[in-house]
Amino acid sequence: MKNPGIDVDERGYYGRFGGAYIPEMLHPNIEELRANYREMTADPAFKKEFDALLRDYVGRPSPLYYAKRLSEHYGAKVYLKREDLNHTGAHKINNTIGQILLAQRLGKTRIIAETGAGQHGVATATVCALVGLECIVYMGEVDIERQAPNVARMRMLGAEVRPARSGSKTLKDATNEAIRDWINNPENTHYIIGSVVGPHPYPDMVARFQSVISEETKWQLKEKEGREHPDAVIACVGGGSNAAGAFYHYLNDERVRLIAVEAAGLGVDSGESAATSVLGTEGIIHGSRTLLMQTDDGQIVEPYSISAGLDYPGIGPLHAFLIDSKRAEAISVTDEKALEAALFVTRTEGIIPALETAHAFAAFEQLEYGPEDVIVVCLSGRGDKDLATFTKYLDQLKDRDHE
Ligand SMILES: *Cc1c(COP(=O)(O)O)cnc(C)c1O
């Protein structure tokens, strides 16, 4: 059967993006994974266990919900793919379940991960508790302070949260610490990366685990609309894993527009942004050749977005390829527009979306479409974690009214 996605070549490239640019000392770890991931995950016993956990533990299939009031407002048929209803509240658990099963088959007993906002850390700590493996999550010291509730969840789940104290003390520093740990513990440790980033085979492997999103969308749309394909899929992009999953089974179907929404932060030209496809140039970050925000001499530019999940200076190589080849359209959305959209969606449908996801909804303002168009939005996660930010926003709105 033809692969429904876009296959990476042997060395892990999508066109000229991807690959595995890693220090020599990491080569054995990556090679072990690369040599095994396709065969192990294609094994019927693996699939059976993966599917059973997605069903009974995560709660899949996630509903494809026809959003009546949003549809009336936007003037299109809007469906929401409800990844927010998954256990732990976002799409990230699809990937961590897949990787923990793979780690077990590779005979690993110790799991490490990096996390920024803490969502991937929580999803990793959760699956480690599920199978009883040791879990160490690296997190920037600054993020540990900013994301206290998720730190508490990880500790409750039995994970050790190790602070990264170098550099800006945020995600990229936590990633460096995790890589250092892996180099020192190649035998017993698996590194669970949380998005479609990093050296080959991670981008392809994570995209495949997340592809369950569009696999379900196909039959769910068939039931509701009589056809498997929508006219457009909209998803927010940090590293790009929920977008990769939502796009996957439509990548080769040119009838489907693929819309990748990035965080513009305070504005694309403000110097405080994370709109990688606009501001990025080709380079190497965390082991792959992709688009990233860098200075002329190759130093990584600190990204900014109000949403911690989109606050990443690169995008996965698949998305760099899709955008570069014009298969996907990139749209950027500011903090302000995302907050507006979050409030609007909440009050129109009674669903509080994650701030990351709110960026995807705000994209409607910038798109053209007709009333019969079927548009699927990947509702990547729920907004409980963002309530402090939303509360501040509501207070600001109230103050503005009083002026
Ligand atoms: C982490 C996260 C994202 C961004 O990550 P991707 O890999 O781009 O999907 C988006 N939405 C939510 C809810 C997240 O937790």
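Use the structure listed above.
All values reported here derive from a predicted model rather than from experimental measurement.

Asker: So what's going on with the overall build of the chain? Residues and values would help.
Answerer: The helix and strand inventory of the chain stands at 16 helices and 14 strands. By the compact-globule yardstick of 22 Å for 403 residues, the chain fits well, its C-alpha radius of gyration being 20 Å. Judged by the C-alpha coordinates and their principal axes, the chain covers about 55 × 50 × 45 Å. Across the 403 residues that make up the chain, the buried fraction comes to 57%. Put simply, of all contacts in the chain between residues at least 6 apart along the chain, 73% involve residues at least 24 apart. Split by element, the accessible area of the chain, about 16700 Å² in all, is 50% carbon and sulfur. Put simply, the chain has 43 plus and 58 minus side-chain charges, and the middle of one group is 4 Å from the middle of the other.

Asker: Describe in detail the packing of helix α4 (residues 92-105) against helix α5 (residues 119-131), supporting the description with residues and values.
Answerer: Running from amino to carboxyl end, α4 crosses α5 at an angle of 45 degrees, the nearest separation of the two axes being 9 Å. As far as their axial angle goes, α5 and α4 are oblique. Our pair here, α4 against α5, has a crossing hand that is right-handed. Facing K92, I93, N95, T96, I97, I100 and Q104 of α4, the residues of α5 in contact are Q119, H120, A123, T124, T126, V127, C128, L130 and V131. For the contact of α4 with α5, the class distribution of residues is eight nonpolar, seven polar and one charged.

Asker: Talk me through the pattern of salt bridges; I want residue IDs and the actual numbers.
Answerer: Evaluation of the coordinates by the stated rule reveals 36 salt bridges. The closest approach of N and O atoms between R208 and D7, which form a salt bridge, is 3.2 Å. Taken as a pair, R208 in helix α9 (residues 202-210) and D7 in the segment before β1 (13-14) lie far apart in primary sequence, 201 residues in all. For R208, a relative accessible area of 26% puts it in the partly exposed group. K81 is paired through a salt bridge with E216; the nearest N and O atoms lie 2.7 Å apart.

Asker: Lay out the site of the ligand in plain terms, naming residues and giving numbers.
Answerer: In the vicinity of the ligand, 16 residues are found, and the nearest of them are K92, S195, G238, G240 and S241. Within the side chain of K92, an N or O atom sits 2.7 Å from an oxygen atom of the ligand. G238 has a polar backbone atom sitting 2.7 Å from an oxygen atom of the ligand. Of the residues contributing to the shell around the ligand, the split by class is three nonpolar, eleven polar and two charged.

Asker: Tell me about the sheet that holds strand β14 (residues 374-379), residues and numbers included.
Answerer: Ordered by their spatial adjacency, six strands build an open sheet running β3-β4-β14-β9-β10-β13, and the pairing between neighbours is mixed. Edge positions in the open sheet fall to β3 (64-66) and β13 (328-334), since each of these has one partner strand only. Mean inter-strand twist for the sheet, computed between neighbouring axes without regard to direction, equals 25 degrees. Pairing of strand β9 (residues 232-236) with strand β10 (residues 257-265) involves five bridges; the strand directions are parallel. Residue pairing across strands places C236 opposite V261, the latter belonging to β10. The sheet strands contacting helix α14 (residues 335-349) are β3, β10 and β13, and the helix crosses β13 at an angle near 95 degrees.

Definitions and limits used
- Residues numbered from 1 in each chain as written.
- Predicted model: local features only at pLDDT ≥ 70, side-chain atom pairs only at ≥ 80, totals over all residues.
- Heavy atoms only, no water.
- Helix = DSSP H or I, 4+ residues; strand = E, 2+ residues; numbered from the N terminus.
- Rg over C-alpha atoms; globule rule 2.2 N^0.38 Å.
- Buried < 20%, exposed > 50% of the residue type's maximum accessible area, 1.4 Å probe, protein only.
- Contact = heavy atoms within 4.5 Å.
- Areas by Shrake-Rupley, 256 points an atom, 1.4 Å probe, with all protein chains shown as cover.
- Lys, Arg positive; Asp, Glu negative; His and termini not counted.
- Charge placed at Lys NZ, Arg CZ, Asp CG, Glu CD.
- Axes fitted to C-alpha atoms, helices over the stretch in contact; angles between N-to-C directions.
- Parallel < 35°, antiparallel > 145°, perpendicular 65-115°, else oblique.
- Left-handed = near helix turned anticlockwise from the far one by under 90°.
- Nonpolar A, V, L, I, M, F, W, Y, C, P; charged D, E, K, R; others polar.
- Salt bridge = Lys/Arg side-chain N within 4 Å of Asp/Glu carboxyl O.
- Near = heavy atom within 4 Å.
- Polar contact = N/O pair within 3.5 Å; in protein donor to acceptor, adjacent residues only side chain to side chain.
- Pairing = 2+ DSSP bridges.

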